[in-house]
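Summary of structural features
One-letter residues, chain by chain:
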Amino acid sequence: MNSSSYSASAADSAESEAVRRMEFADNGLALQLFGIHNGNLGRIEDILKVTVHSLGNEVTIKGPAAAVAAAARVLDGLYRRLGQNLEIGEEEVDAYIRMAVQGDGAMVDADMTIKIRGRRVSPRSPTQASYIKAIDEFDLVFGLGPAGTGKTYLAVAKAVEQLVSGKVDRIILSRPAVEAGEQLGFLPGDMREKVDPYLRPLYDALHDMLPGDQVARHLERGEIEVAPLAFMRGRTMANAFVILDEAQNTTAVQMKMFLTRLGEDSRMVVTGDLSQVDLPRGTRSGLRDAVEVLRDVKGISSVYFTDSDVVRHPQVARIVRAYDLSEKRRKSSARYERGENGDSSSNGNKSDNE
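Computed from a prediction, not measured in an experiment: that's the story for all the values here.

Okay, the pattern of salt bridges next. Here the structure, examined in full by the defined rule, presents 14 salt bridges. The residue E246 makes a salt bridge to R175 at a minimum N-O spacing of 3.4 Å. Taken together, the positions of E246 in the loop between β9 (240-244) and α10 (252-259) and R175 in strand β7 (residues 170-175) put the pair 71 residues apart, joining distant regions of the chain. Looking at E246, the relative accessible area reads 28%, which means it is partly exposed. Taking relative accessible area as the criterion, R175 reaches 13% and is therefore assigned buried.

Now the structure itself:
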């Protein structure tokens, strides 16, 4: 985990030192909270740049006031999680630290947790919490941001939760099959064999939520459908949870077609990363177009993820930041050169994938 993204926010915002003592009533839960050889406390120390001393079922936290307050929120939230018979490990500790530092102090509560037959999926950043809340409250949600932020994973988790609980009759998962053109004819095999490689990430997410035999049964019954975007034309998707993934690679026409398939008692989530548009040069992304066109339409929410929300692997966040910085430098250099040469004629030819 990239600890600097946490510690800077917590430590730099306060000059004064603080001391906080906490006592946990259940000795058994306190031992689990502290971790093997106080490993969880050590991780909190390393990331938030505080010192944490434990004695029995008590801890004393010392450090910059904001960091101490964040550490106390983390310990309190993790202790309550243990009290709900939920396990904690390195990933949960990192998630609660991220919530404590990036958010407004609110930690994960029961309403934010996605429940699927004994499995629990909790948000791991404030943006993920906002995303889950938006999916619960709005008919159409756009999730935009870089890879590794959980946009698709959380959407599939909510879809499975609603299918299992009977809130929807089916799940429909879709992607543009081949970048923008969906030209599948040159691939070997039948239609399913042609498109499955492009839809594999959606299958992977499903199998992470449900046992393989259950996924197979739902697919056979038509309760779960995974299909390329081209197959959506002319349909009405009612009583369904609908997800369009990699939506940055749709055209405006494709996006309008897909969005207007939404039927009665259905919910739709559209995810994508506008920094990875693979459309032909000069073609405007349907995702960007839809977000702008529908900005003020009632019942629609757009949630924006950043590199600070990356939860896949710490290196992914660093990669995203490096590419973002490189892109900013390139655009800045291009603007400078156009100004120096007095040539602005190319401005009208910009595209989303420049």
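Time to look at unusual backbone geometry. A positive phi angle, near 60 degrees, is found at K49, a position not held by glycine. Among the structural elements, K49 can be located in the loop between α3 (39-48) and β2 (51-55). We note that N239 has phi near 50 degrees; this positive angle belongs to a residue other than glycine. Secondary-structure assignment places N239 in the loop between β8 (224-228) and β9. For N239, a relative accessible area of 30% corresponds to the partly exposed category.

As summarised here, the arrangement of the 6 strands in space is β8-β7-β9-β10-β6-β11, forming an open sheet in which the pairing is parallel. With one partner strand each, in any of the chains shown, β8 and β11 (300-304) form the two edges of the open sheet. In this sheet, neighbouring strand axes are inclined to one another by 15 degrees on average, regardless of whether the strands run parallel or antiparallel. The pairing of strand β6 (residues 140-144) with β11 spans 5 bridges and is parallel. When the bridges of β11 are listed, F142 appears paired with S302.

Moving on, we get to the pairing of β6. For β6, a buried count of 5 out of 5 residues is recorded, marking the element as mostly surrounded by other parts of the structure. One ladder, built from 5 bridges, connects β6 with strand β10 (residues 267-272); its direction is parallel. Bridged to G143 within β10 is T271.

Quick look at the sheet that holds strand β1 (residues 17-23) now. Reading across the sheet, the 3 strands line up as β1-β3-β2 and stay open at both edges, with antiparallel pairing between neighbours. Where the open sheet ends on each side, the last strands, each with one partner, are β1 and β2. Between one strand axis and the next, the sheet turns by 15 degrees as a mean value, whatever way the strands run. In the sheet, β1 pairs with strand β3 (residues 58-64) via 7 bridges, with the strands oriented antiparallel. Each residue of the ladder has a partner; that of M22, found in β3, is V59. In this fold helix α4 (residues 65-83) packs onto β1 and β3, with an angle of close to 150 degrees to the strand it touches most, β3.

How each quantity is defined
Residues numbered from 1 in each chain as written. Predicted model: local features only at pLDDT ≥ 70, side-chain atom pairs only at ≥ 80, totals over all residues. Heavy atoms only, no water. Salt bridge = Lys/Arg side-chain N within 4 Å of Asp/Glu carboxyl O. Helix = DSSP H or I, 4+ residues; strand = E, 2+ residues; numbered from the N terminus. Buried < 20%, exposed > 50% of the residue type's maximum accessible area, 1.4 Å probe, protein only. Pairing = 2+ DSSP bridges. Axes fitted to C-alpha atoms, helices over the stretch in contact; angles between N-to-C directions. Contact = heavy atoms within 4.5 Å.

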